[in-house]
Amino acid sequence: MRRPFVLLAAALLTGALAVPASAADGDGKFTIKDPRITESSGLAASRQHPGIYWTHNDSDDGAYLYAVDSSTGETVATITMSGVGSPRDVEAISIGPDDQIYVGDIGDNLGGTWPYVWIYRLPEPKKLRDQTIKATQYVVKYSDGARNAESLVVHPKTGRVYIVDKNEKGGHLYEGPARLSPSGPNVFRPIAAVPDLEATDAALSPDGEHLVVRSYFGAIAYDWNGGRIKRKERLGVPFLGQGESVTYTADGKKLMYGAEGADSPVEPQDAPGAETSGSSSGSGGPATSEDGGEGLSGNLKTGAIAAGVALLVVLGLRGMRRRRG
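Description of the structure in this document. (Residues numbered from 1 in each chain as written. Predicted model: local features only at pLDDT ≥ 70, side-chain atom pairs only at ≥ 80, totals over all residues. Heavy atoms only, no water.)

What about the sheet that holds strand β6 (residues 92-96)?
By definition, the strands of a sheet pair up through backbone hydrogen bonds, in either a parallel or an antiparallel sense. Spatial ordering of the open sheet is given by β6-β7-β8-β10-β14-β13-β12-β11, a layout of 8 strands whose pairing is mixed. Of all the strands in the sheet, just β6 and β11 (149-154) have a single pairing partner and so form its edges. Pairwise comparison of adjacent strand axes, ignoring direction, gives a mean angle of 30° for this sheet. For β11 and strand β12 (residues 161-165), the ladder comprises 5 bridges, and the chain directions are antiparallel. If you follow S151 over to β12, its bridge partner there is V164. (Pairing = 2+ DSSP bridges. Helix = DSSP H or I, 4+ residues; strand = E, 2+ residues; numbered from the N terminus. Axes fitted to C-alpha atoms, helices over the stretch in contact; angles between N-to-C directions.)

Some words on the packing of aromatic side chains
To describe a pair of aromatic rings, one takes the distance between the centres and the angle between the planes. Counting across every chain of the model gives 6 aromatic pairs. Between Y142 and Y174, the aromatic rings sit 5.1 Å apart at their centres with planes inclined by 75°, giving edge-to-face as the arrangement. A residue pair is termed long-range when its members are at least 10 positions apart, and Y142 in strand β10 (residues 136-142) and Y174 in strand β13 (residues 170-175) qualify at 32 residues. In terms of burial, Y142 and Y174 fall into one category: buried. Clustering of aromatic rings is evident, with ring pairs tying together Y216, F217 and F239. The ring of W118 has R88 sitting right over it, with the charged end atom 4.4 Å from the ring centre. Seen from the ring of Y142, R147 lies directly overhead, with NZ or CZ sitting 5.8 Å from the centre. (Phe/Tyr/Trp six-rings, centres within 6.5 Å; stacked < 30°, edge-to-face > 60°. Buried < 20%, exposed > 50% of the residue type's maximum accessible area, 1.4 Å probe, protein only. Lys NZ or Arg CZ within 6 Å of the ring centre and 35° of its normal.)

Shown next, in the form of structure tokens:
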């Protein structure tokens, strides 16, 4: 009787103390440690490399992309884009179909004085190492005049590119042509209002059904609805400093929020509508049970289970001592 009981207790204890799946998959909180990355302005979850997030600096850095391992916060690859000239104000990054990375050189801190901006497209590398990759450069214009923008998304199924402009009073979702052309200007046209926030980044869910647009201090979730977006709810975001970035995790279950600055943090929150295991997100409030009461958070629940298993072990050992005595 002794060995089966001990094995059962050990199995229960191992399960109770196991690392949560989100942390094991690289979807937990982390800090970008690379001293070169001081103005992380966009995030994109890799589709080929689990736990890897692509980011870039804002302006005055050059044509560089950085692959950051979320399990360590360390940069594991630096990509130099060739064929794109000198970027002016890179503000966004997104991954589209066929593992293509889209980079939005779409910022205009002078309030919309540049007659055109740029988008760069390059394949996500299959091997993570420092390398130079040729990118395709696209000229972008807006049908209603120049403007500042920091948010770019690519539909994961159609490959169509969208931009949300940045305006203190709210902006618009702009739709690009069905296929970007490298030989002439690509005109983006407004198709939906994005009111009530100053957009600093946006993200489309991996299934292409949901859009999240964030500002410095908040976010709004929408049903995608073919680009004719329908507002669902306002989201709270973790305060990390100058909030500049957001991306869905590769499985679509969480949103990863980032900020500018040296040693900038990246923190997860449950994505709206995503199925969760009942544990709270990285910075959310207490988990809520189905009857409306406060449930146990992940750490507290794990501790309670572990304590219960330990008690079972003690009681079992005491019983064996009595039988042996």
